Amino acid sequence: MGVDTSAQVGHKNAQVGHKKRWAARAALVAAALAVLLPLGYGGVDGVLLLLAALLGVAVTAAALWWALTRRGPLRWVAAVLAAVAPGAVITLFAVARLLWAVPVSLALWAVAVWSGRYALRSDRTRAPRPKERRAPPPQRPFLLMNPQSGGGKVAKFGLREKAERLGAQVVLLDADQHQDVTALARAAVADGADLLGVAGGDGTQALVAAVAAEHGLPFLVVCAGTRNHFAMDLGLDRDDPATCLDALTDGVELRVDLGFAGGHPFVNNASFGAYAAVVQSPAYRDDKIGTILDLLPDLLTRQRGPRLTARAGDTTLDAPQAVLVSNNPYRTDDPAGLGRRERLDSGLLGVLGITVDSAAEAAVLVLDPAPDGLAVLTTREVVIDADRAEIEAGIDGEALVLPAPVHCRVEPGALRVRVPKERPGVPEAQPPLDWRRLRTLAATMGRTAVVRHPGRGRDT
């Protein structure tokens, strides 16, 4: 019986290895065809068109930089150029009768990417899932709900009514007056609450989560905000916030990290630099685009705002225009996963710093797979300093002004998050494409699985 099982396992492994070898070969062939197809049909014209396409991308990026850092007629000229450049490249392909090659090459490249990632996928590339812990249902859950958050999701999904049916005490926040959610949460703990929860935006989630972590209580996330990044990375159902409340009766607990910036908690990120300065403006909420276009020229060219320095271990970022510090790193090697974190329990901060001082550097930022202007770091602590006494910050979307320097740190496993047993989950991160590994895998010759039978002195 054991021999048959070993043989089956060996045969299955051989089949998987065989499929991955052929997937690697398919990826290499598809990638080669994606490039060679227009070149083969177009000859010299195909080469020139490929160069024109790269030039078009560079011109578009440079024009966008000019549009964001200039005012007046030059801004509008740059904006027109950014819109015209891609169209000009498409027109060149059409004139050369190679327009058909664009969608075909893109389709081949998609096949190459899918096949390559399948070939490189293994258990070792998968991020470990947070350990779920069984925990008894709370007896006195307390939930804060913001009726205005997410365009009125609290009323739309009947969140208050469902929570109260499940035994929770619910307090609705009043949009017309300022309420200290931290004080409300502390008062609930003093009254005997054994779970704290929030139906609202990530900024409110972070404040109440810090109180829950301080008292060792479980925390419930109800994704009733606009973007719900924290809920997304917890694997919750953002399309139906009411399902989050199932955790009150049929839930499990996850231990996740909590970030702090100068003493202010954050579940997602703290931003410094251009974006943080923009959200400080009173006009931002009423006219986001107009405010951005008005402020960015001075911010990006360093005529306004502090000159930042970010120090993480032995690495120093000097004068970046923007720094994003996240509670666990964001994915950067998978375009489909940008803005997601595959883990919330790594015990590390992610740090993204952007430094661009010219249109040429903006073009390089787009064309170069590893541009000098983009710093990607992981660390337990990062210090954001400036050439002035205060630094503007955006912490989980909330505008704050903090005294410099700002010490950002992570508290590993500080937060007990209660989630439903049944939830969509976080999509698996795809392995980065490593063409050298694919070539090695594609060149490997398949071998028949070898099974050693008991009592025999040789392989069969």
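Residues numbered from 1 in each chain as written. Predicted model: local features only at pLDDT ≥ 70, side-chain atom pairs only at ≥ 80, totals over all residues. Heavy atoms only, no water.

Attention now moves to the packing of aromatic side chains. Following the criterion strictly, the structure yields two aromatic pairs and no others. Between Trp 109 and Trp 435, the aromatic rings sit 5.8 Å apart at their centres with planes inclined by 40°, giving tilted as the arrangement. In this pair, Trp 109 sits in helix α4 (residues 101–120) while Trp 435 sits in helix α13 (residues 435–443), placing the two residues 326 residues apart along the sequence. The class of Trp 109 is partly exposed, set by a relative accessible area of 39%. Judged by its relative accessible area of 26%, Trp 435 falls in the partly exposed class. Taking 5.8 Å as the distance between ring centres and 5° as the angle between the ring planes, the aromatic pair formed by Trp 114 and Tyr 118 counts as stacked. With Trp 114 and Tyr 118 both in helix α4 and four residues apart, this pair spans about one turn of that helix. (Phe/Tyr/Trp six-rings, centres within 6.5 Å; stacked < 30°, edge-to-face > 60°. Helix = DSSP H or I, 4+ residues; strand = E, 2+ residues; numbered from the N terminus. Buried < 20%, exposed > 50% of the residue type's maximum accessible area, 1.4 Å probe, protein only.)

Below, the discussion takes up the pattern of salt bridges. On inspection of all chains with the given rule, the structure shows 15 salt bridges. The closest approach of N and O atoms between Arg 302 and Asp 357, which form a salt bridge, is 2.2 Å. With a gap of 55 residues between them, Arg 302 in the loop between α11 (288–300) and β9 (308–312) and Asp 357 in the loop between β12 (349–354) and α12 (359–367) connect regions that are remote in the sequence. Using a relative accessible area of 42% as the deciding quantity, one classes Asp 357 as partly exposed. In this structure, the salt-bridge partner of Asp 318 is Arg 307, at a minimum N-O distance of 3.3 Å. One end of the pair, Asp 318, is in strand β10 (residues 315–318); the other, Arg 307, is in the loop between α11 and β9, and 11 residues separate them in sequence. Assessed through its relative accessible area of 42%, Arg 307 is described here as partly exposed. (Salt bridge = Lys/Arg side-chain N within 4 Å of Asp/Glu carboxyl O.)

Turning our eyes to something else, we now look at unusual backbone geometry. The omega torsion of the bond from Ala 404 to Pro 405 falls at -5°, within 30 degrees of zero and hence cis. Relative to the helices and strands, Pro 405 is located in the loop between β16 (398–403) and β17 (406–420). Positioned with a positive phi, Ala 319 is a non-glycine residue whose angle comes to about 60°. Look at Asn 328: it is not a glycine, yet its phi comes out positive at around 80°.

Let us now look at the pairing of strand β4 (residues 195–199). For β4, the tally of buried residues reaches five of five residues, placing the bulk of the element in the interior. Bridging between strand β2 (residues 141–145) and β4 involves five bridges; their strand directions are parallel. Directly across from Met 145, in β4, lies its bridge partner Ala 199. Alignment of β4 against strand β5 (residues 218–222), held across four bridges, turns out to be parallel. Across the sheet, the residue bridging to Leu 196 is Phe 219, located in β5. As for the winding sense of the linkage, the β-α-β connection from β4 through helix α8 (residues 202–215) to β5 is right-handed. (Pairing = 2+ DSSP bridges. Right-handed = clockwise from strand over helix to strand, strands pointing away.)

An order of β13-β12-β11-β8-β15-β16 is seen for the six strands of this open sheet, with the pairing classed as antiparallel. Looking at strand neighbours, the two that pair on one side only are β13 (374–379) and β16, the edges of this open sheet. Ignoring which end each strand starts from, the neighbouring axes of this sheet average 20° apart. Sheet topology note: the strand β8 (residues 269–273)/strand β15 (residues 390–395) ladder contains three bridges and is antiparallel. The residue of β15 that forms the bridge with Ser 271 is Gly 394. (Axes fitted to C-alpha atoms, helices over the stretch in contact; angles between N-to-C directions.)

If you look at the biggest cluster of nonpolar residues, it comprises 51 residues, and the most contacted ones within it are Leu 143, Leu 159, Leu 196, Phe 219, Phe 230 and Leu 234. Looking at this core, the element that brings in the most residues is α8, giving six residues. Apart from residues lying up to four places away in sequence, Phe 219 is in contact with Leu 196, Gly 197, Val 198, Gln 205, Val 208, Ala 209, Ala 212, Phe 230, Leu 415, Arg 416, Val 417 and Arg 418. Core analysis: the second largest hydrophobic core is formed by 24 residues, Phe 266, Leu 317, Ala 393 and Ile 395 among them. (Core = buried A, V, L, I, M, F, W, Y, C linked by side-chain atoms within 4.5 Å. Contact = heavy atoms within 4.5 Å.)

It is worth stressing that arrangement in space is one thing and function is another; only the former is reported here.
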